[in-house]
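Observations on the three-dimensional arrangement
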Protein chains: 4
Amino acid sequence: MSTGPQRTAILLAHCPDQRGLVAAVGDFVARHGGNIVYFDQHVDDSQGVFFMRVEWALDGFSIAPEAIGGTFADEIAGHYGMTWRLHFSDERPRLALFVSRLPHCLYDLLSRWQGGEWAVDIPLIVSNHEDLRPVAERFGIDYHCLPITPENKAAQEARELELLRAHEIDLVVLARYMQIVGPALIGAYRERLINIHHSFLPAFAGARPYHAAHARGVKIIGATSHYVTEELDAGPIIAQDVTPVTHRDDVDELVRKGRDLERLVLAQAVHAHLQRKILSYGNRTVIFD
Amino acid sequence: MSTGPQRTAILLAHCPDQRGLVAAVGDFVARHGGNIVYFDQHVDDSQGVFFMRVEWALDGFSIAPEAIGGTFADEIAGHYGMTWRLHFSDERPRLALFVSRLPHCLYDLLSRWQGGEWAVDIPLIVSNHEDLRPVAERFGIDYHCLPITPENKAAQEARELELLRAHEIDLVVLARYMQIVGPALIGAYRERLINIHHSFLPAFAGARPYHAAHARGVKIIGATSHYVTEELDAGPIIAQDVTPVTHRDDVDELVRKGRDLERLVLAQAVHAHLQRKILSYGNRTVIFD
Amino acid sequence: MSTGPQRTAILLAHCPDQRGLVAAVGDFVARHGGNIVYFDQHVDDSQGVFFMRVEWALDGFSIAPEAIGGTFADEIAGHYGMTWRLHFSDERPRLALFVSRLPHCLYDLLSRWQGGEWAVDIPLIVSNHEDLRPVAERFGIDYHCLPITPENKAAQEARELELLRAHEIDLVVLARYMQIVGPALIGAYRERLINIHHSFLPAFAGARPYHAAHARGVKIIGATSHYVTEELDAGPIIAQDVTPVTHRDDVDELVRKGRDLERLVLAQAVHAHLQRKILSYGNRTVIFD
Amino acid sequence: MSTGPQRTAILLAHCPDQRGLVAAVGDFVARHGGNIVYFDQHVDDSQGVFFMRVEWALDGFSIAPEAIGGTFADEIAGHYGMTWRLHFSDERPRLALFVSRLPHCLYDLLSRWQGGEWAVDIPLIVSNHEDLRPVAERFGIDYHCLPITPENKAAQEARELELLRAHEIDLVVLARYMQIVGPALIGAYRERLINIHHSFLPAFAGARPYHAAHARGVKIIGATSHYVTEELDAGPIIAQDVTPVTHRDDVDELVRKGRDLERLVLAQAVHAHLQRKILSYGNRTVIFD
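Counting restarts for each chain: residues are numbered from 1 in the order of the written sequence. Think of it this way: whatever chain is written first is A, whatever ligand is written first is 1, and the rest follow in order. Residues qualify for local features only when their pLDDT is at least 70, as the model is predicted, and side-chain atom pairs are given and counted only at 80 or more; totals for whole chains, interfaces and linings, by contrast, use all residues. Only hydrogens and water are set aside when side-chain values are computed; all heavy atoms of the structure are taken into account.

1. Comments concerning the relation of the copies chain C and chain B
Here chain C sits on chain B after a turn of 180 degrees about the axis and a move of 0.0 Å along it, with an RMSD of 0.0 Å. Accordingly, the operation relating the two chain copies is best matched by a two-fold axis. Rotation axis and chain C: the residue whose C-alpha lies nearest the axis is A203 of chain C, separated from it by 2.3 Å. Comparing contact sets, 100% of the residues at the interface of chain C also lie at the interface in chain B, consistent with an isologous, same-surface contact. Alignment of copies: least-squares fit on C-alpha atoms of residues with pLDDT of at least 70 in both copies. Contacts are assigned to residue pairs with any non-hydrogen atoms lying within 4.5 Å of each other.

2. Quick word on the interface of chain B and chain A
Between chain B and chain A, the residue contacts involve 24 residues of the former and 24 residues of the latter. Buried surface at the junction of chain B and chain A, both sides included, amounts to about 1800 Å², of which 48% is carbon and sulfur. Here the quantity called buried area is the accessible surface, traced with a 1.4 Å probe, that two parts lose on coming together, added over both. Of all residues in chain B, R19, V22 and F39 of chain B bury the most surface against chain A, accounting for 26% of the area lost on that side. Salt bridges are defined by distance alone: a side-chain nitrogen of Lys or Arg within 4 Å of a carboxyl oxygen of Asp or Glu. For the pair chain B and chain A, the interface holds 0 salt bridges. Whenever two N or O atoms come within 3.5 Å, that pair is a polar contact, provided that in protein one can donate a hydrogen and the other can accept it, and provided that, for residues adjacent in sequence, both atoms are side-chain atoms. Between the two partners, chain B and chain A, sit 2 residue pairs in polar contact (both at pLDDT 80 or more). Counting only elements with at least two residues in the side of chain B that touches chain A, the list comes to α1 (21-31) and β2 (35-44) of chain B. Counting residues per element, the side of chain B that touches chain A draws most heavily on β2 of chain B, which supplies 7 residues. Polar here means any residue outside two lists: the nonpolar Ala, Val, Leu, Ile, Met, Phe, Trp, Tyr, Cys and Pro, and the charged Asp, Glu, Lys and Arg; Gly therefore counts as polar. Residue classes in the side of chain B that touches chain A are distributed as 8 nonpolar, 9 polar and 7 charged. Only runs of H or I of at least four residues qualify as helices and only runs of E of at least two qualify as strands under DSSP, and these elements are numbered from the N terminus.

3. Looking at unusual backbone geometry
A negative phi angle characterises most non-glycine residues, just as the trans form characterises most peptide bonds. L201 of chain A connects to P202 of chain A through a cis peptide bond whose omega is 10 degrees. Among the secondary structure elements, P202 of chain A is positioned in the loop between β9 (193-197) and α7 (209-216). Although it is not a glycine, R176 of chain A adopts a positive phi angle of roughly 60 degrees. Summarising the element assignment, R176 of chain A is placed in the loop between β8 (171-174) and α6 (183-188). Its identity as a non-glycine residue notwithstanding, E191 of chain D has a phi of 60 degrees, on the positive side.

4. Describing the UniProt feature "domain: Formyl transferase N-terminal" (unreviewed entry) in chain A
UniProt positions are given in the numbering used here, feature names are shortened, and annotations may be inferred rather than shown by experiment. Cross-referencing UniProt, the feature "domain: Formyl transferase N-terminal" (unreviewed entry) maps to residues 94-270 of chain A in the present numbering. The annotated region residues 94-270 of chain A carries 37% helix and 24% strand content, and the separation between its end C-alpha atoms amounts to 12 Å.

5. Some details on the packing of aromatic side chains
Pairing of aromatic rings covers Phe, Tyr and Trp, the last counted by its six-membered ring, and requires centre-to-centre distances within 6.5 Å; plane angles under 30 degrees mean stacked, over 60 mean edge-to-face, and any other angle means tilted. Evaluated as defined, the whole model comprises 44 aromatic pairs over all chains. Geometrically, the ring pair formed by F28 of chain D and F72 of chain D is edge-to-face, given 5.2 Å between the ring centres and 75 degrees between the ring planes. Separated by 44 residues along the polypeptide, F28 of chain D in helix α1 (residues 21-31) and F72 of chain D in helix α2 (residues 65-80) bring together distant segments of the chain. Here the two residues F28 of chain D and F72 of chain D agree in accessibility, since each one is buried. Through pairs of rings, three or more aromatic residues link up here, namely F28, W56, F61, F72 and W84 of chain A. Charge-over-ring contacts are defined here by two conditions on Lys NZ or Arg CZ: a distance within 6 Å of the ring centre and an angle within 35 degrees of the ring normal. Note that R7 of chain A overlies the ring of F88 of chain A, its terminal NZ or CZ placed 5.0 Å from the centroid. Working definition: with a 1.4 Å probe on protein chains only, accessible area under 20% of the residue-type maximum means buried, over 50% means exposed, and in between means partly exposed.

6. Here we look at the interface of chain C and chain B
Counting from both sides, the interface comprises 32 residues of chain C and, opposite them, 32 residues of chain B. When the two sides are added together, the surface that chain C and chain B hide from each other amounts to roughly 2700 Å², 52% of it contributed by carbon and sulfur. On the chain C side of the interface with chain B, the three residues burying the most area are R216, H247 and R284 of chain C, jointly 27% of the side's total. Summed over the shared surface of chain C and chain B, the result is 2 salt bridges. With a closest N to O distance of 2.7 Å, D40 of chain B and R248 of chain C form a salt bridge. Here chain C is connected to chain B by 20 residue pairs in polar contact (both at pLDDT 80 or more). For the side of chain C that touches chain B, the secondary structure elements donating two or more residues are β2 (35-44), α7 (209-216), β11 (237-244) and β13 (284-287) of chain C. Looking at the side of chain C that touches chain B element by element, the count peaks at 5 residues for β11 of chain C. Split by residue class, the side of chain C that touches chain B holds 16 nonpolar, 10 polar and 6 charged.

7. Details of the environment of H273 of chain A
All names here are of chain A. With respect to the helices and strands, the residue H273 is situated in helix α8 (residues 251-274). Residues H273 and I238, 35 residues apart in the sequence, show an inter-C-alpha distance of 9.0 Å. Setting aside anything within four residues of it in sequence, one finds H273 in contact with L171, E191, R192, I194, Y227 and I278.

Written as structure tokens, this is what we have:
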């Protein structure tokens, strides 16, 4: 029974598919006095994996929040070999935005934060250029310019990691950052590092996708948000969208139309992540709705 | 654990929302040896109603198929005040198609049947005109022409009902039938009578929606499939889709573009119905995916 | 022959359809040494009206810019009974934004201006509430709070008109203003006053469209931008877009998804207006592409 | 001035961009007493090429239809170096359909023909399998089964060409033919040979695109229609469309959803071709609307 904005626990889990999983988890919540407000599961037949997202109201739940994880591990997860994460609806994640020179995604994310769409903090913007410092100042956010050269790449990445730790960042968003992120940062923020690529991947991976789309004469262009992995533009896809184009659209017009896609698709991915609706497995994502 | 095309039971249910529903149903299936291959639920907070679709493999299930309904009623449904329906994946529903003069939706439905997309039988076509009899003959289907006048409307509707019963029809599809269906047929086929309306309802209900759309100068047109109820074009919506139009599109061009929408949106609705993915409640639908 | 960002003249015209119009306008440009970079026309058969947008490079054109209008009137427009407007590609229109309490469209428009997407000035924001003054200050824009009551409506509208004149405003954008605009402002800014309505008009005109959409159980929601006329939500439509929704989406979620539509559809309309791509006729628009 | 379904001439042309083209063509039509019902042009700045589609009513036109081409060549095309084609609105093109085992595109095309959507003849179906012969018989169309092996490929292709010539075929449509077409047929039907590929090209070119899409975990799938050229899946794109997919969609479900895309996108391409709205240049298309 759900009665609106109350505190909830959110459990994301996957394990080898087997009998009784729905009953076991449903029983765990019911037995301890919880009321389920969201329950969705997915079975990937080809891999034999069970995925689940369950959310329940904490009001009346007999286990203290800080003990839920341990109890779940003891009673359920261990038995079924589950990999799981537990969140609470009143967490307030801290975001860092990495940008380069293009402001459209940055403005879009900042306006969702300032407009109250997302319950997050955004204490840090990192860039390889000075261009967008005025935007950061306008919104009162720390701005660090760390220009990248082949020589200083590793050192700058180390400074980035320090900044992320110092600001206790939970999620890094590459808002048209235009730089290849190094392995240390990828490893530290696995499944917490979201990029927007300006094509419908896997088409037009790499540099200058709008030029490539124009040269090929496609009738739709797209954008793709994904978790960053070691392989460029090949991480698990979170969201994609497209828009029609015509012969009238030169590259500049593709870039213009694409900006709206990039804004939307990046925001969709961040929103799904913040809602704890994403499970990543192999190179694919389960996006609960 | 799912291993592909095996025989399954499909349960659709709704009841007042209350604690323990997921656990109870999950336990029912598990306790009797079933393996859940699909489980989805939805809670409508505003109405306090719980909706559920659960599908499990019958292989190894300890209750005989013909006894599942009774057992579920005794053990679960009665206790929680559930309204429920039980289906089996190997049912082969029988469809009747009602048409008028336009062939596009008719051809589309017939080709999905003939092409093996749907495991159905289509033994009956009813029309108020003779125009499409050659299409019926081409596909070897009984065709009954029952012209409707204000005077004979009730009598013709009675004949339609006889035909539906004689052919043991499970689902009636109005494939651009263009006649207002009478209350006896609506009552006999409640939630089993699907219509396609050529606008994005509730805009442009009633006659000549493409003319109305053109006059209003809209930039998108749509189509809507819905269960038929006593109120014209106001039944529970199953599927909708739209397509962009421009100032270049005169009414004839709207009609042309609309045909593709009508085909698709009607087929989507019939497909969801055949997959037992629709729960109707009040004037709304829950479409499990 | 077009060679990129050079100064151009843009002519928008309509007149009763008649023979020789394309030849006459094409000849006018060619005879005076202009090179056409864009030529599109549309004939509305049902009304017998010819619409045209032609754009030509001024480099090498033998008529001085300030004399083009007069020469065109003498040589062409008078002869064919044309209604026409002449623009130049280097005009920099001045926009006023009217807002209420919701910031998302405001931020979106401001970021397009600040990000250099649009060559405009935005010197003025008017609101009936104080809420968004901090946003205006953040971007250094004059903010005037003119609360509206039934008693002061006419007087406040007069002040609005004064402000618009004082700031030499060319285009007024109602960015979720939530107030019915009075006839004086509508008259003064005819075809220069753009509104965003949060439904796919003509469905759900008036107040609380997301609530109405939820109650009806639609499977798509939309947004519509239009020029404001005396009849509420009934002016010529400029752009519309939609997004799918499901039974899972309560009203709050419709509002959330709708915000992205509103941002995009309002920006599309403003962009088309700024590009001088819109001709309005009766209650319909021709949007050249 | 247009007054509906009258006989028209349709001219498609491209040439190096230069001053006076619109005026010259507009004057040609006007001088000989024609009334333009459609005029659209496009300048590709990057290549310096001018494209044009002009359609005018023949009623009152002073040049006999069979002499229009010659006169246009003499008066206009030669002077400007134009490549051009002339069509008349009452032509009735003859189509051949190449199929394999999947019937959905075949049924869709046949129903558009039988339903009167297209003014064409379809006298010939060619396949490498017997499966769809009953469909051809149902519609009374010649069906030729020409199985392809590496050894007989050239010989069978020669037979195909004979059949196409014997039936005076104007346009060949590969309706999920699943065979690589040989160079003789491509050469004989250049820009008159349309294929449907079941992905949003250039992603997932080649075999088994739905499997590849599933493996990559994309959130949209697409279909692409294009003119066939010597390079596989790389010809000029005519139309593309996409549909969203989720983690729930296994390969079979992608195939199912994709069928609707394939039907629509192939029909869109054939329709545009029949309307004489396509100009191909390099590896790109101009699709007039």
